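# Examining the three-dimensional arrangement
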Amino acid sequence: MTDIEDQANDEVADGVAGLLLAAGGGRRLGGRPKALLEHRGQPLVEHAVAALRAAGCARVHVVLGARAADVRAWAALDGCVLVDNPRWEQGMGSSLRAGLDSLAGTRARAALVSLVDQPGIGAEAMARVRSGYRDASSLVSAAYAGVRGHPVLLGAAHWAGIAATATGDRGARAYLREHAGDIALVECGDVARPYDIDTEADLVHLEP
């Protein structure tokens, strides 16, 4: 085994890898890719990666799509595994499938999944959800006033089922609905704000 392979395996020795979905093209934002929107002096994709790492994910896979070459050129993503999703226009489901597939060859037993357009969800909420990991059968989700949201932790035992049902912009929603009784909810409303950056009006949430 090479030194690089050893390092990759060590990075998921605790079982949990970070998975950031950052492929969106910002159709309702005039075609500006969400990954490159500025927040607190850095692109959203850098902000989200930093939060996953601060939450304890040493290994982070980032799924890119819209203007992927520009994101690679402009964002500092050193140490991340960058996954290109050529089908990003089909919706978030395709990015989730690409991300989970990229983790299949690692020692990861769960993926902590975060969305690039939710900068109000930071490391503290991510760490809370991550702490719910037990084994490959784990399903853990942040909750806001009891309502399920992001991030979510998906145990590897569920990846095939999630991939089979992840279509359009639903992501893992259909699978999680079917397995609602197996999900451990972790309240995060006191430490995070689960807004999305989808429209021009939402840009008010971004800070200089």
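Check the entry above for the structure.
Summary of the structure given here. (Residues numbered from 1 in each chain as written. Predicted model: local features only at pLDDT ≥ 70, side-chain atom pairs only at ≥ 80, totals over all residues. Heavy atoms only, no water.)

### Quick look at the pairing of strand β7 (residues 139-144)
Taking burial as the measure, the 6 residues of β7 include 6 buried ones, the bulk of the element. One ladder, built from 5 bridges, connects β7 with strand β8 (residues 147-155); its direction is antiparallel. Note on β8: the bridge partner recorded for V140 is L153. Between β7 and β8, which pair antiparallel in sequence order, lie 2 residues; one of them, A145, sits at a positive phi of approximately 55°. In the sheet, β7 pairs with strand β9 (residues 184-187) via 4 bridges, with the strands oriented parallel. Counted as the bridge partner of V140 is A184 from β9. (Buried < 20%, exposed > 50% of the residue type's maximum accessible area, 1.4 Å probe, protein only. Helix = DSSP H or I, 4+ residues; strand = E, 2+ residues; numbered from the N terminus. Pairing = 2+ DSSP bridges.)

### A short note on the pattern of salt bridges
Counted according to the given criterion, the structure contains 9 salt bridges. For the salt bridge of R72 with D84, the shortest nitrogen-to-oxygen distance reads 2.9 Å. Of this pair, R72 sits in helix α3 (residues 68-74) while D84 sits in strand β5 (residues 81-84), and the two are 12 residues apart along the sequence. Exposure remark for R72: the relative accessible area of 39% places this residue in the partly exposed category. Of the charged contacts in the structure, one is a salt bridge between D190 and R128, with a shortest N-O distance of 2.7 Å. Taken together, the positions of D190 in the segment after β9 and R128 in helix α5 (residues 123-130) put the pair 62 residues apart, joining distant regions of the chain. Look at R128 and you get partly exposed, because its relative accessible area is 25%. The network of salt bridges with common partners includes R28, K34, D117 and D198. (Salt bridge = Lys/Arg side-chain N within 4 Å of Asp/Glu carboxyl O.)

### Overview of helix α2 (residues 44-54)
The element α2 is extensively covered by neighbouring structure, given that 8 of its 11 residues are classed as buried. Listing the buried residues of α2 in full gives L44, V45, E46, H47, A48, V49, A51 and L52. A positive phi of about 110° marks G56, the residue just after α2.

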